Amino acid sequence: MTAKGTPVLIGIPFDAYSSYLRGAAEAPAKIREALRCDTSNSWTELGVDLGAAGAYEDAGDLELDERDAFAAIEAGVGTMLDKGKRPVSLGGDHSITYTIVKAFAQRHPELTIFHFDAHPDLYEEFEGNRLSHACPFARIMEAGLAKRLVQVGIRTMNRHQREQAKRFGVEVVEMLALPAHDKLKAVGPVYVTFDMDVLDPAFAPGVSHREPGGISVRQAIGNLHAIGGEIVGADVVEYNPVQDVAGVTATVAAKIVKELLGKMIGEA
Ligand code: MN
Ligand code: MN
């Protein structure tokens, strides 16, 4: 156990609020499989051995019933936080981040969120669903669950979402403005939410919404390593195995999880 709490993986097999394609519910098992695959060793680039006893834990997948899934996710993540752990959720579509952050905000006021995504996910509502994976950051900000929201890699802004960003004081770092490692510094607790579609689809085709012109895996790792602040939790969402090609995106998602864990453990 590290001083700031052992990171714990939690699989969240939920994709009911994905607006275009289902499939992300199958992601947690595939990411775990890639994380444990013997193709690579257990050391992260920052020199942390994830294979060391107690480096991190795995709580398995939450059992979810679509009807009350959000309440179950909030409770499941909250339980881990109350045990002093640092939950790293494997999604699932991005809608789950709203309910995850609710659990974090109750225990970590003054939260800063670093959000990697091709999309701002700031819609007031999407196709009649206020809980859609296109809306989580509108819900988070209107409820005051975060002190700061910094979005990185955005390349799909429209007028409505630009207005929403302004309304909520979101610090948006669009693709055009990268690199911006200086924006990834925070005072107080940090939550990292990583939507796999921030990556260029050439690196990560296994997503529901492929948006060309994204960051490379190398840039993603550089950004994660550049984070300054105390990471209390994270999620990696929107990996969609149905869209994947020969499992490459699972390998990339596992690499992102690995470097996130290494960052959290190494600096604890
Ligand atoms: Mn997203
Ligand atoms: Mn996205």
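Here, every reference points to the structure presented above.
Residues numbered from 1 in each chain as written. Chains lettered and ligands numbered in written order. Predicted model: local features only at pLDDT ≥ 70, side-chain atom pairs only at ≥ 80, totals over all residues. Heavy atoms only, no water.

1. Structural notes on unusual backbone geometry
Here is step 1: Across the junction of G91 and G92, the peptide omega takes the value 10°, indicating a cis bond.
Here is step 2: Following the sequence through the fold, G92 ends up in the loop between β3 (86–91) and α3 (96–107).
Here is step 3: For E127, which is not glycine, the phi torsion reads 50° and is therefore positive.
Here is step 4: Residue position: E127 is located in the loop between β4 (112–116) and α4 (136–142). (Helix = DSSP H or I, 4+ residues; strand = E, 2+ residues; numbered from the N terminus.)

2. Thoughts on the coordination of the manganese ion (ligand 2)
Here is step 1: Those protein atoms acting as donors to the manganese ion (ligand 2) are D117 (OD), H119 (ND1), D195 (OD), D197 (OD) and D197 (OD), and they sit at 2.1 to 2.4 Å.
Here is step 2: Of note, the manganese ion (ligand 2) draws all its donor residues from one chain, in the sequence arrangement D-x1-H-x75-D-x1-D.
Here is step 3: In this structure, the manganese ion (ligand 2) is positioned 3.3 Å from the manganese ion (ligand 1), and both are ligated by D117. Pair noted here: D117 is in the loop between β4 and α4 and D195 is in strand β7 (residues 185–195), with a separation of 78 residues, a long-range link.
Here is step 4: Judged by its relative accessible area of 0%, D117 falls in the buried class. (Donors = N, O, S within 2.8 Å, 3.2 Å for Na, K, Ca; no water. Buried < 20%, exposed > 50% of the residue type's maximum accessible area, 1.4 Å probe, protein only.)

3. Description of the coordination of the manganese ion (ligand 1)
Here is step 1: Around the manganese ion (ligand 1), the donor atoms from the protein are H94 (ND1), D117 (OD), D121 (OD) and D195 (OD), and they sit 2.1 to 2.2 Å away.
Here is step 2: All donor residues of the manganese ion (ligand 1) come from one chain, and their arrangement in sequence is H-x22-D-x3-D-x73-D.
Here is step 3: Given a relative accessible area of 6%, D121 falls into the buried group.

4. Quick notes on the side chain of H133
Here is step 1: Its place among the elements puts H133 in the loop between β4 and α4.
Here is step 2: A residue is classified by how much of its surface remains accessible, and H133, at 7% relative accessible area, is buried.
Here is step 3: A polar side-chain atom of H133 sits 3.4 Å from a polar atom in the side chain of H209.
Here is step 4: Side chain to side chain, H133 and E238 meet in a polar contact 2.8 Å long.
Here is step 5: Non-local contacts of H133, meaning those with residues more than four positions away in its chain, are made with Y17, S18, S19, D93, H94, S95, D121, H209 and E238. (Polar contact = N/O pair within 3.5 Å; in protein donor to acceptor, adjacent residues only side chain to side chain. Contact = heavy atoms within 4.5 Å.)

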